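Chain and residue survey
Listed below, chain by chain, are the residues.
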Amino acid sequence: MMSHLAQTAPLAKTSQETNIKKKQGLKKLKRYLPLFLLMIPGLVYLIINNYLPLFGMVIAFKDINYSKGIFGSDWIGLKNFEFLFRSSDAFIITRNTLLYNGAFIIINTVIAVAIAIILNDIKNKFLSRFYQSVIVLPYLISMVVVGYLAFSVFSIDSGLMNKTILPMLGMKDISWYTEPQYWPYILTIVHAWNGAGFLCVIYLASIISIDPEYYEAATLDGASKWQQVRAITIPLITPVITMMTLLAIGRIFYSDFGLFYQVPMNSGALADTTNVIDTYVFRGLMVLGDIGMSSAAGVYQSIVGFVLVIVSNYIVRKVNRENALF
Amino acid sequence: MTIENKSFQWIINIIMMAIAIACLIPFSLLIMSSISSEASIIQNGYTFFPEEFSMKAYGYLWTHWSELGRAYGITVFITVVGTAASLAITSMLAYPISRSDLPLKNLFAFLVFFTLLFNGGLVPTYLIYTQVFHLKNTIWALLIPGLLMNGFNVLLVRTFFMTSIPPALIEAASIDGAGEIKIFYRIVLPLSLPIMATIGLFAAILYWNDWFNGLTYVTDSKYFSIQTILNKMMTDIQFLTSNSNIAGSSATSEIAEIPSTSVRMAIAVIGVLPILIAYPFFQKYFIKGITIGAVK
């Protein structure tokens, strides 16, 4: 297949080049018109869904007035940002976003790599496939349902924790949804349950592609399983781990909105420990109607997020050019 | 040696079995709780082995079958229409920019790519959709914002077109007199079924699971999808009753009789069951899709 492509591609290119040379501007337009027409729906969608909101970011610098419209409202410069950064909110949501996502990246990577290494050693192909499909199942479920699952465990009056597990350990009830100190752990566990399987499948694919001869040679030399994992598996998948981690760091300013909105059940008492930039922006817009503040936080997120993507991609390029996004 | 290997296999299988159980066990807690009687939930909480079974929660949900049926209808509709539309516009944009001879190809590819790096965020998006396009409380609100197409998929499909469809094939069809559009849907698309199936599956999951657009853009119960109903009932268990057309007094007496702790679990079961039933049939493609997306 590949050799066939390699043989025909240059031929096609030269014949296309001579073709193009023959045709003049108008003819060229006519020839490519159908292709341009095909692109129209997609381009229109990008304009509506992505580019208009990009220009709409100017509202962060305006005093929004619906009667004057988004673009007609009065300019107020950086006032919205001044309010945002003078409040304690800016620090709290930035801290929460970075700490949660940082912990998620580390913990999920460790769990996913560990499970992938174990899965790769399972000889029974049917069981191996069964495990894979079970561990990615939580990823398939909507966050609302995950919220319900968490509720069945943490419900104050009837949850599994308060009614079964804590009494078994001889401990008193905990009012989970009003006591913030437990939530960093709860959210980390729920996120690992929800997302580690997905990452694991990616790492498993890269472990499977390792040449089995390395392991055969190591076994002949008397290397134990653990030595093989440390000397062969881990070093050989390190580029993939580095790349996935750097890409995740590039997105560290964006959180899984559903996780932080649904799982704590929007509980006010937990706000300071579960509020991240995404939930802050959402509540500012939908609940408080404070468009100035929430749009300023949104712009802050977009700009820092953009810088982080560029920086992490720059590093990925340094590590391995092929894996870079651009 | 072989004995050692055998016990090693046993150990790792036991570890994996434990992990698999950890992934599945919340679902069984959910299902068992939904068929527990109110009395036994009050006594023992949500458990895997309720003392007394009861289908009252489902009985209550059954009295609201018209609202739930409607919500399911909305969910199925947006999943089918959304997925089809998404596949169409994604492939139609990806194909031209996959063609090395297209004028301004790099400009268009950049327009797609840039959306992955930078976005306006929720507030301007919300204002554009509600103030400029008046999408609030229409079926479009569930179909269009954020879900219809994403740049990542466009680039994924473009890469597939560039690497898996020999340019000579397109050239040959063109020499035979086929127009560009005909080449696209008679040659390129049929050769791209694997990537289309992957993108389509993920788009369908996205639409089926979406509650964000319902939460953000819909307040009219006419357009509530099943996920939106789940979302509403999370904080307001009486939502179905208070939202139905039953006259005042009978509604209040009904509210008093709702087996609310088990209903909360039953509605989640209603929401998640179709996915759990369908999953064995598409899990293979789902897992394959995850790795395709990861290597871009």
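Predicted model only: the values in this text are computed from it and were never measured.

Reading the values: rules and limits
- Residues numbered from 1 in each chain as written.
- Chains lettered and ligands numbered in written order.
- Predicted model: local features only at pLDDT ≥ 70, side-chain atom pairs only at ≥ 80, totals over all residues.
- Heavy atoms only, no water.
- Helix = DSSP H or I, 4+ residues; strand = E, 2+ residues; numbered from the N terminus.
- Rg over C-alpha atoms; globule rule 2.2 N^0.38 Å.
- Buried < 20%, exposed > 50% of the residue type's maximum accessible area, 1.4 Å probe, protein only.
- Contact = heavy atoms within 4.5 Å.
- Areas by Shrake-Rupley, 256 points an atom, 1.4 Å probe, with all protein chains shown as cover.
- Lys, Arg positive; Asp, Glu negative; His and termini not counted.
- Charge placed at Lys NZ, Arg CZ, Asp CG, Glu CD.
- Buried area = accessible area lost by both parts, 1.4 Å probe.
- Salt bridge = Lys/Arg side-chain N within 4 Å of Asp/Glu carboxyl O.
- Polar contact = N/O pair within 3.5 Å; in protein donor to acceptor, adjacent residues only side chain to side chain.
- Nonpolar A, V, L, I, M, F, W, Y, C, P; charged D, E, K, R; others polar.
- Core = buried A, V, L, I, M, F, W, Y, C linked by side-chain atoms within 4.5 Å.
- Domains from an automatic or database assignment.
- Axes fitted to C-alpha atoms, helices over the stretch in contact; angles between N-to-C directions.
- Parallel < 35°, antiparallel > 145°, perpendicular 65-115°, else oblique.
- Left-handed = near helix turned anticlockwise from the far one by under 90°.
- Patch = residues over 30% accessible without salt bridge, like charges linked within 9 Å, V, L, I, M, F, W, Y side chains within 5 Å.
- Phe/Tyr/Trp six-rings, centres within 6.5 Å; stacked < 30°, edge-to-face > 60°.
- Lys NZ or Arg CZ within 6 Å of the ring centre and 35° of its normal.

Topic: the overall build of chain B
Counting its secondary structure elements, chain B contains 16 helices and zero strands. In terms of C-alpha radius of gyration, chain B reaches 25 Å, well past the compact-globule figure of 19 Å for 296 residues. In terms of principal-axis extent, the alpha carbons of chain B reach across some 75 × 70 × 35 Å. Buried residues in chain B amount to 52% of all 296 residues. Put simply, 72% of the contacts in chain B that link residues at least 6 apart link residues at least 24 apart. Put simply, chain B shows about 13,400 Å² of open surface, and 69% of that area lies on carbon and sulfur atoms. Computed over 15 positive and 14 negative side-chain charges, the inter-centroid distance for chain B is 11 Å.

Considerations on the environment of Pro34(A)
Turning to its location among the elements, Pro34(A) is positioned in helix H2 (residues 25-56). For Pro34(A), a relative accessible area of 21% puts it in the partly exposed group. Excluding residues that lie within four positions of it along the chain, Pro34(A) makes contacts with Glu180(B) and Ile181(B).

So, the interface of chain B and chain A
Tallying the contact residues gives 103 residues for chain B and 99 residues for chain A. Counting each side, the surface lost to burial between chain B and chain A is near 9,100 Å², with a carbon and sulfur contribution of 78%. For the chain B face of the interface with chain A, the top three residues by lost area are Met16(B), Phe118(B) and Met234(B), together amounting to 8%. In this assembly, chain B and chain A are joined by one salt bridge. Where chain B touches chain A, the interface holds 22 residue pairs in polar contact (both at pLDDT 80 or more). Residue composition of the side of chain B that touches chain A, grouped by class: 73 nonpolar, 23 polar and seven charged.

Considerations on the nonpolar core
By size, the foremost hydrophobic cluster in this structure holds 189 residues, and its most contacted members are Tyr148(A), Tyr95(B), Phe161(B), Ile229(B), Met233(B) and Phe286(B). If one sorts the elements of this core by residue count, helix H16 (residues 260-294) of chain B sits on top with 13 residues. Both domains that furnish three or more residues to this core are identified here as domain 1 (2-75) and domain 2 (90-323) of chain A. The contacts of Phe286(B), once residues within four sequence positions are left out, are Val136(A), Tyr139(A), Leu140(A), Leu201(B), Phe202(B), Ile205(B) and Tyr279(B).

Describing the packing of helix H4 (residues 65-98) of chain B against helix H8 (residues 151-164) of chain B
Residues and elements named next belong to chain B. The interhelical angle for the contact between H4 and H8, taken along N-to-C directions, is 50 degrees, at an axis separation of 8 Å. As far as their axial angle goes, H8 and H4 are oblique. Judged by the sense of rotation from one axis to the other, the crossing of H4 with H8 is right-handed. Along the contact surface, H4 presents Thr 90, Ser 91, Leu 93, Ala 94, Tyr 95, Ile 97 and Ser 98, while H8 presents Asn 153, Val 154, Val 157, Arg 158, Phe 161 and Met 162. In terms of residue class, the contact of H4 with H8 is built from eight nonpolar, four polar and one charged.

Notes on the domain arrangement of chain A
Residues and elements named next belong to chain A. Domain boundaries in chain A define domain 1 (2-75) and domain 2 (90-323). In this complex, domain 1 contributes five residues to the contact, which on the side of domain 2 involves five residues. Summing the contributions of domain 1 and of domain 2, the shared interface buries around 470 Å²; its carbon and sulfur component is 83%. It is Met 57, Ile 59 and Ala 60 that lose the most area in domain 1 upon contact with domain 2, and together they represent 66% of the buried surface on that side. Between domain 1 and domain 2 we count zero salt bridges in total. Of the residues in the side of domain 1 that touches domain 2, the class split is five nonpolar, no polar and no charged.

Things to note about the packing of helix H6 (residues 143-154) of chain A against helix H13 (residues 226-235) of chain B
It is at 9 Å that the axes of H6(A) and H13(B) come closest, and there the two elements cross at 35 degrees. The chirality of how H6(A) crosses H13(B) is left-handed. Listed contacts from H13(B) to Val144(A), Val145(A), Gly147(A) and Tyr148(A) of H6(A) are Gln227(B), Leu230(B), Asn231(B), Met233(B) and Met234(B). Class assignment for the residues of the contact of H6(A) with H13(B) results in six nonpolar, three polar and no charged.

Regarding a positive patch on the surface
A contiguous patch of positive charge, built from Lys123(A), Lys125(A), Arg129(A), Lys284(B) and Lys288(B), is present on the exposed surface. Looking at the positive patch, the elements with two or more residues in it are helix H5 (125-140) of chain A together with H16 of chain B. Here Lys123(A) is to be found in the loop between helix H4 (89-121) and H5.

Focus: the side chain of Ser225(B)
Considering the arrangement of structural elements, one finds Ser225(B) in the loop between helix H12 (212-217) and H13. Setting aside chain neighbours within four positions, we find Ser225(B) in contact with Ala71(B), Ile74(B), Thr75(B) and Asp210(B).

Section: the pattern of salt bridges
All names here are of chain A. Going through the model one piece at a time under the given rule, you end up with five salt bridges over all chains. Notably, a salt bridge pairs Lys 225 with Asp 121, separated by 3.3 Å at the nearest N-O pair. Taken together, the positions of Lys 225 in helix H10 (residues 225-250) and Asp 121 in helix H4 put the pair 104 residues apart, joining distant regions of the chain. What makes Lys 225 partly exposed here is its relative accessible area of 34%. Taking relative accessible area as the criterion, Asp 121 reaches 14% and is therefore assigned buried.

Points about unusual backbone geometry
Positive phi outside glycine occurs at Met265(A), with the angle close to 55 degrees. Position of Met265(A) relative to the elements: it lies in the loop between helix H11 (257-262) and helix H12 (271-274). Assessed through its relative accessible area of 16%, Met265(A) is described here as buried. With a phi angle near 55 degrees, Asn137(B) is a residue other than glycine that sits in the positive phi range. Relative to the helices and strands, Asn137(B) resides in the loop between helix H6 (122-132) and helix H7 (140-143).

Focus: the packing of aromatic side chains
Considering all chains together, one arrives at 38 aromatic pairs over all chains under this definition. Aromatic side chains Phe257(A) and Tyr261(A) sit 5.1 Å apart centroid to centroid with 15 degrees between the ring planes, which places their arrangement in the stacked category. One end of the pair, Phe257(A), and the other, Tyr261(A), are both in helix H11, four residues apart, so they sit about a helical turn from each other. Here Phe257(A) and Tyr261(A) have matching classes, each one buried. With a centroid separation of 6.2 Å and 75 degrees between ring planes, the pair formed by Trp211(B) and Phe212(B) is classed as edge-to-face. A relative accessible area of 22% places Phe212(B) in the partly exposed class. An aromatic cluster is defined as three or more aromatic residues linked by ring pairs; in this entry it consists of Phe151(A), Phe154(A), Trp176(A), Tyr177(A), Tyr182(A), Trp183(A) and Tyr46(B). Over the face of the ring belonging to Tyr254(A) we find Arg251(A), whose NZ or CZ atom lies 4.7 Å from the ring centre. Positioned above the aromatic ring of Phe151(A), the side-chain terminus of Arg264(B) is 4.7 Å from the ring centre.

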